[in-house]
Amino acid sequence: MASASLTPVVLVGRSAELAVIDRHFGSARAGGAALMLAGEAGVGKSALLDAAASRAAEAGFRVLRVAGRPFQQGVGFSALNQLLQPLAEAIPALSARQAETLQAVRGLSEEQPAELLAIANAVHALVAQVATEAAPLALIVDDAAWVDRSSATVLGTLAHSPRTAHLAVLGASRTGDAAFLCTIGIPEHEVRPLDDVSADELVAERFPAMAARVRRRLITEARGNPLALLELPVPLNDLQHTARSTLPAVLPLTERLKGIFSTRVATLPAPTRKLLLLAVLDGSGEPHVLQRALGGRDPLAGLSPAERAGLVQVDAVTGRLEFRHPLTRSAVLDLSTSEERRWAHLALAAELPEGSEHRARHLADAAIGPDDDVAALLHEVAYGTLRRGDAVGAINTLLRASELSADGTAKARRLAEAACLGANITGDLRNVRALLENADHADPSGTDSLAAATAAASQLLNGEGDVDTAQRLLVGAIDTHVHPGDTDEDILREALNTLLMVCFYGGRPELWRSFDTVAARRPPSSGRLLPVILGAFGDPAHGASAVLDRLDDLVAGVHQQTDPVRVFGIALASSYVDRLPGCRGALRRIADDGRDGGAVALAIQAQFLLANDAWTGGQWDDLLAVTAEGLRWCETYDYRLSASTGHFLRGVVAAARGDGDTAREIADRLASWGNPRGLGALRVYAAHIRALSALGGADFDTAHRLLGALGTPGEVPRFMPHALWLLLDFTEAAVRTDRHEEAAERVAAVRKTGIPSISPRLAMVTDAAEAMAVADFIDHDLFVAAITAPGAERWPFDWARICLAYGERLRRARAGVAARVHLEAALSTFDRLGAAPWSARAANELRASGIPVGPAASDGRDPHVLLTPQERRAARLAATGLTNKQIAAQLFLSPRTVAAHLRGVFRKLNVTSRAGLRDALTGPVP
């Protein structure tokens, strides 16, 4: 809605809010600004926006207005079109591509609307072209919570960059609204209820004949809510002229207000109510739409009673019909009969072009029984909605299409497709069984489909099924139902994505080979991303190098993607090749969408990919917070397999921080749930957690045994992407158990496959692993190359482990001064991460080199000072119950040397057993 009239708006008790608005427009004139007015329903936000529009116009702004409508929330770009309509004359001056983009959004082009970022850029260009320093724009958005999701994304982008144009954005929303525009960080100003003085002034001004007692009661009950103050007196009209009337005991504001709106609408003439019903269901406010629906009659002639009642107004400039309050629309709809609503929908649909989404939806709303033609229209609309990124809307549209399907096979197909999209995207796994059962009831042959198989496979993987059954089900369905030119690409994409996860979690090469065979025979038309995922995620050690350039291009453009499934695919391909930092913003958008009731299943995966990035980046507290939310969603929606990734990430943090009980519990749970189901990835997860715990505690034999079961030293396992996370673990476990040749063979295999070229992190750990594998001397060049690798600080845990390994070697070679630099760096980093076992290892090495760490004894009477640094360290470890072999491994000594140190300790402290050490060592040993 454009250009508000210049009629002055006088508000009672709002001088502070108007001053804020004036300052806002002043800031916007200097360089753009955005502000959201937030407050309870009826507090006067819309009135403030009306006043703001008037003041902005007086200040030289061109005022544009947009209003969210509850009945158009599911109609893409309905709100954005309110902005574009008054600026239509300026669109042709844009670049050809941007002009075509906006014409597609307006429904004036045969092309599908572009991605949301392209649309946002085009709108921004349009605003920047129209707004000038002399005549800036004021964009006023009312009822922001009811703005459709697509429009909200574009308007939100505009609101976040007003400084690049002479633009003032001013919106209004209810306090606590969780809709997109209300949660994107636009500065807010809370509109509070009126104080008692202002409330009394307002009521006295509008209702001068109201008795003082009635007015006091009204003010008490309304609690400063202007809408209640103005509307509640209507049913109390007979009490306003006497002080003797008895007031009701309770004035329930919400219900009372709804009743008031319904009563006022009900008193209107029937033709006026029909006009209002058309306006509500249309939502555009355009008189010509109403005129066409009325067969050419002028609609404005019948609106006078509603205008006189204060329910609607016709904008003096645009001629659009505006409802003064959203509840009026609700009342109009509530008071209409089903036959009246059907007439209105059919009248509106008759004036819309064939193939129009709005026409299909009006016809669906008008249908009173099965209608296969309308169902087919809705089926097409559903996938257009999906491709715009609104998976929830797509599923709801499919379900409505199934309701309208008279043909049992078509009904079953649509129910199965809804189950498929629900299981894989929106988080409706709990409803999959019911949807498939309903599909089978509609037509048993209809459940023999690719969509049904995909939904069933997802249910199997997260329930009591096993990998092999899910794999056979999917491969068979793809072979049977996928035919060139006769397959829904969206369903095929979900089937392949599900099969991809079957292969990953199954963790066996033969599963991946079957995937390659299926994908080669049945590639989706939009399958450029699939080979990238296969190379970078399925088998990155052997396949990533060939696809990294393409992946880097995809990551560079991921923030422009509006399709959450595609964003997830790009991020998944990035997860083992260290490209996730470039996907953070896009993944957070998916997670936010899940919080806002969108695609929860994808939001879970996005959360765990963000946690994956937090693990390598050392943001472990963030990891715990993110996985906690993701795991709550998994529990709520029954995504048990997806939960395994979240549990694993929490498990490695627990292991690194020395929380052995938690680490052990998580590893045991992963193994016990995964083994019977053939989930080989969970076995790798469990081994990683247990091995990391063992390495932190210097139990190198256990770590080697666990890791050795995952592959042969002389080769990098195929189709085990997790091996790229274990290179340091493999190497340290082998070296510290005197298997230097084995460690060297593994490093040679890593170099042969080109793993170091995948990312700087992998180059860093490969250099370090090769240096660690050398038995006879210290390879200073490789250690230094690893420690000083560009960006090494981005991977603090890996980097600190390398510093520790180098420091240990230097200390053992009696290069104490050089060792201390690296040991102190390792200790500082481990302390920051909270990696207690690793901090202890670094501190022990420092103590062994003669550097006191932590409290140290200095009293000559303390038995600690009788011991050498090595004796003190050996004594402390022996007092904890470690064997000589375990102590030797931690101190880089031979068991014989440890035994000699302990004999000296026993003699100096006059004890004869390890148990006696606990009593003798009464203070902390440095």
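For clarity, every value in this text was computed on a predicted model and none was experimentally measured. (Residues numbered from 1 in each chain as written. Predicted model: local features only at pLDDT ≥ 70, side-chain atom pairs only at ≥ 80, totals over all residues. Heavy atoms only, no water.)

(A) Examining the pattern of salt bridges more closely. Here the structure, examined in full by the defined rule, presents 38 salt bridges. Note that Glu-510 and Arg-508 form a salt bridge whose closest N and O atoms lie 2.6 Å from each other. Assessed through its relative accessible area of 25%, Arg-508 is described here as partly exposed. With a closest N to O distance of 3.3 Å, Arg-801 and Glu-732 form a salt bridge. Of the two residues, Arg-801 sits in helix 40 (residues 796-812) while Glu-732 sits in helix 36 (residues 727-735), which places them 69 residues apart along the sequence. Classification of Glu-732 as buried rests on a relative accessible area of 6%. One network of salt bridges, with partners in common, ties together Asp-729, Glu-732, Arg-736, Arg-801, Glu-808 and Arg-841. (Salt bridge = Lys/Arg side-chain N within 4 Å of Asp/Glu carboxyl O. Buried < 20%, exposed > 50% of the residue type's maximum accessible area, 1.4 Å probe, protein only. Helix = DSSP H or I, 4+ residues; strand = E, 2+ residues; numbered from the N terminus.)

(B) Region of interest: the packing of helix 27 (residues 548-556) against helix 28 (residues 564-574). Running from amino to carboxyl end, helix 27 crosses helix 28 at an angle of 135°, the nearest separation of the two axes being 10 Å. Taken together, the axis directions place helix 27 and helix 28 in an arrangement best described as oblique. Crossing handedness for the pair helix 27 and helix 28: left-handed. Across the interface between the two elements, Arg-550, Leu-551, Leu-554 and Val-555 from helix 27 touch Arg-566, Ile-570, Ala-573 and Ser-574 from helix 28. A per-class count over the contact of helix 27 with helix 28 returns five nonpolar, one polar and two charged. (Axes fitted to C-alpha atoms, helices over the stretch in contact; angles between N-to-C directions. Parallel < 35°, antiparallel > 145°, perpendicular 65-115°, else oblique. Left-handed = near helix turned anticlockwise from the far one by under 90°. Contact = heavy atoms within 4.5 Å. Nonpolar A, V, L, I, M, F, W, Y, C, P; charged D, E, K, R; others polar.)

(C) Quick peek at the sheet that holds strand 3 (residues 137-142). Spatially, five strands are ordered 2-3-4-1-5 in an open sheet, and the strand pairing comes out parallel. Each edge of the open sheet is held by one strand with a lone partner, namely strand 2 (62-67) and strand 5 (188-190). Pairs of neighbouring strands in the sheet enclose a mean axial angle of 20°, with direction left out of account. Bridge analysis of strand 3 against strand 4 (residues 167-174) gives five bridges, and the strand direction is parallel. By the bridge assignment for strand 4, Ile-140 is matched with Leu-170. The strands touched by helix 1 (residues 15-31) within the sheet are strand 1 (33-39), strand 3, strand 4 and strand 5, with strand 4 carrying the most contacts at an inclination of about 145°. (Pairing = 2+ DSSP bridges.)

(D) Focus on helix 38 (residues 760-773). With 14 residues, helix 38 should cover 20 Å at 1.5 Å per step; its first-to-last C-alpha distance of 20 Å lies within 8% of that length. The buried fraction of helix 38 is high, at 11 of 14 residues. Every buried residue of helix 38 is listed here: Arg-761, Leu-762, Met-764, Val-765, Thr-766, Asp-767, Ala-768, Ala-769, Ala-771, Met-772 and Ala-773. Contact partners of the buried residues in helix 38: helix 36, helix 37 (740-752), helix 39 (780-787) and helix 40. (Expected span 1.5 Å × (residues − 1).)

(E) Fine view of the nonpolar core. Core analysis: the biggest nonpolar cluster contains 186 residues, and Trp-615 and Phe-797 have the highest contact counts within it. It is helix 30 (residues 600-616) that contributes the most residues to this core, 12 residues altogether. In this view, Phe-797 contacts Trp-615, Trp-620, Ala-656, Leu-692, Phe-830, Leu-833, Ala-835 and Trp-838; residues no more than four positions away in its chain are not counted. (Core = buried A, V, L, I, M, F, W, Y, C linked by side-chain atoms within 4.5 Å.)

(F) Geometry of the side chain of Gln-607. Within the secondary structure, Gln-607 is located in helix 30. With a relative accessible area of 2%, Gln-607 lands in the buried category. If we ignore the near neighbours within four places in the chain, the residues touching Gln-607 are Ala-591, Arg-595, Val-626, Glu-629, Gly-630 and Trp-633.

(G) Spotlight on the side chain of Thr-766. In this fold, Thr-766 is placed in helix 38. Here Thr-766 is in contact with Leu-727, Val-747, Val-750, Arg-751 and Pro-756, once residues within four sequence places are set aside.

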